[in-house]
Amino acid sequence: NYLAVNVHEQGRFAEAIPYQQAALDILAELGEQRTRMAGILLNNIADSLRCLNRHEQALGYLEQALVIKQEVRDTFEISITETTVGQTYLGLGRYEDAIRHSQRALALQDETARDNTIRADTLCTLGTALDCLGREAQAREAWQDALPILDRLRDPRAAAVRDKLT
């Protein structure tokens, strides 16, 4: 999975999928297809597909990931998948669905008290979906919440968010 993540982070999404699938196949051979790691791999495959604009296919993997993550009761991992679902719906232009899943992710992140890149991703997705629906004040609020996290992490996306707020 680490190789797949590295390849994905380099923007080589199509190359990442076979590595991710191979890792998932190994888990299945070991009888561990319903584990936390399987849920993570399914989410990662979906994220690679989303980045390739294969949104509908990504949703199928995300549905599987959510079921597994709910079975293993991993609240933070569920929030990651909800974030990815929101991003996928954003890519499909289904803004209300993107908002709903982003809000679910934020509620779960509130339970786990994590203030990190995933939360910033969620807030940015929420802000963009709200903005696409003309709900500028709410979008600005989401982006304002994301900005300090991005700044603290020295994330290059902070500049783009700052631009949206000016």
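Everything discussed here concerns the structure shown above.
Throughout what follows, the structure given in this document is the object of discussion. (Residues numbered from 1 in each chain as written. Predicted model: local features only at pLDDT ≥ 70, side-chain atom pairs only at ≥ 80, totals over all residues. Heavy atoms only, no water.)

## A short note on helix α3 (residues 36–51)
Here's step 1: Along its 16 residues, α3 runs 23 Å from first to last C-alpha, staying within 8% of the 22 Å computed at 1.5 Å per residue.
Here's step 2: Counting buried residues in α3 gives 13 out of 16 residues, a clear majority hidden from the surface.
Here's step 3: Backbone geometry just downstream of α3 places N53 in the positive-phi region, at approximately 65°. (Helix = DSSP H or I, 4+ residues; strand = E, 2+ residues; numbered from the N terminus. Expected span 1.5 Å × (residues − 1). Buried < 20%, exposed > 50% of the residue type's maximum accessible area, 1.4 Å probe, protein only.)

## Comments concerning helix α2 (residues 13–29)
Here's step 1: For α2, built from 17 residues, the straight-helix expectation of 24 Å at 1.5 Å per residue is met to within 8% by its first-to-last C-alpha distance of 25 Å.
Here's step 2: All buried positions along α2 are accounted for by F13, A16, I17, Q20, A23, L24 and L27. Projected down its long axis, α2 carries its buried residues within an arc of 135°, all on one side.
Here's step 3: Positive backbone phi, approximately 75°, marks G31, located one or two places after α2. (Arc of directions from axis to C-beta.)

## Remarks on the nonpolar core
Among soluble globular proteins, nonpolar side chains are generally buried collectively.
Here's step 1: L24, V85, L126, L150 and V161 are the most contacted members of the largest nonpolar core, which totals 39 residues.
Here's step 2: Looking at this core, the elements with two or more residues in it are α2, α3, α4 (55–71), α5 (75–92), α6 (95–112), α7 (117–132), α8 (136–152) and α9 (157–165).
Here's step 3: Broken down by element, the residue count for this core peaks at seven residues, all from α8.
Here's step 4: Once residues within four sequence positions are removed from consideration, V161 is found in contact with C124, W143, L147 and L150. (Core = buried A, V, L, I, M, F, W, Y, C linked by side-chain atoms within 4.5 Å. Contact = heavy atoms within 4.5 Å.)

## Details of the environment of G127
Here's step 1: By secondary structure assignment, the location of G127 is in helix α7.
Here's step 2: Of the residues examined, G127 reaches a relative accessible area of 0% and is grouped as buried.
Here's step 3: Considering only alpha carbons, one finds G127 and D145, 18 residues apart in sequence, at a separation of 9.7 Å.
Here's step 4: Once residues within four sequence positions are removed from consideration, G127 is found in contact with A139, A142 and W143.

## Let's talk about the layout of surface pockets
Here's step 1: Looking at the largest pocket, its volume works out to about 650 Å³.
Here's step 2: Taken together, 25 residues form the lining of the largest pocket, with H8, N43, N44, D47 and I118 sitting closest to its centre.
Here's step 3: The dominant element in the lining of the largest pocket, judged by the number of residues it contributes, is α3, at nine residues.
Here's step 4: Taken as a whole, the second largest pocket encloses approximately 180 Å³ of empty space.
Here's step 5: Lining of the second largest pocket is provided by Q87, L90, D121, C124, T125, T128, R157, A160, V161 and K164.
Here's step 6: Contributing elements (two or more residues each) for the lining of the second largest pocket: α5, α7 and α9.
Here's step 7: Of the residues that constitute the lining of the second largest pocket, the class distribution is four nonpolar, three polar and three charged. (1 Å grid on protein atoms, 1.4 Å probe; cavity = no way out; pocket = protein on both sides within 12 Å on 5 of 7 lines; lining within 4 Å. Points joined across faces, edges and corners; volume = space filled by probe spheres on them. Nonpolar A, V, L, I, M, F, W, Y, C, P; charged D, E, K, R; others polar.)

## Concerning the pattern of salt bridges
Here's step 1: Counting across every chain of the model gives 13 salt bridges.
Here's step 2: In this structure, R12 engages E15 in a salt bridge whose closest nitrogen and oxygen atoms are separated by 2.8 Å.
Here's step 3: Taking relative accessible area as the criterion, E15 reaches 41% and is therefore assigned partly exposed.
Here's step 4: Two residues, R36 and D74, come together in a salt bridge whose shortest N-O distance is 2.6 Å. (Salt bridge = Lys/Arg side-chain N within 4 Å of Asp/Glu carboxyl O.)

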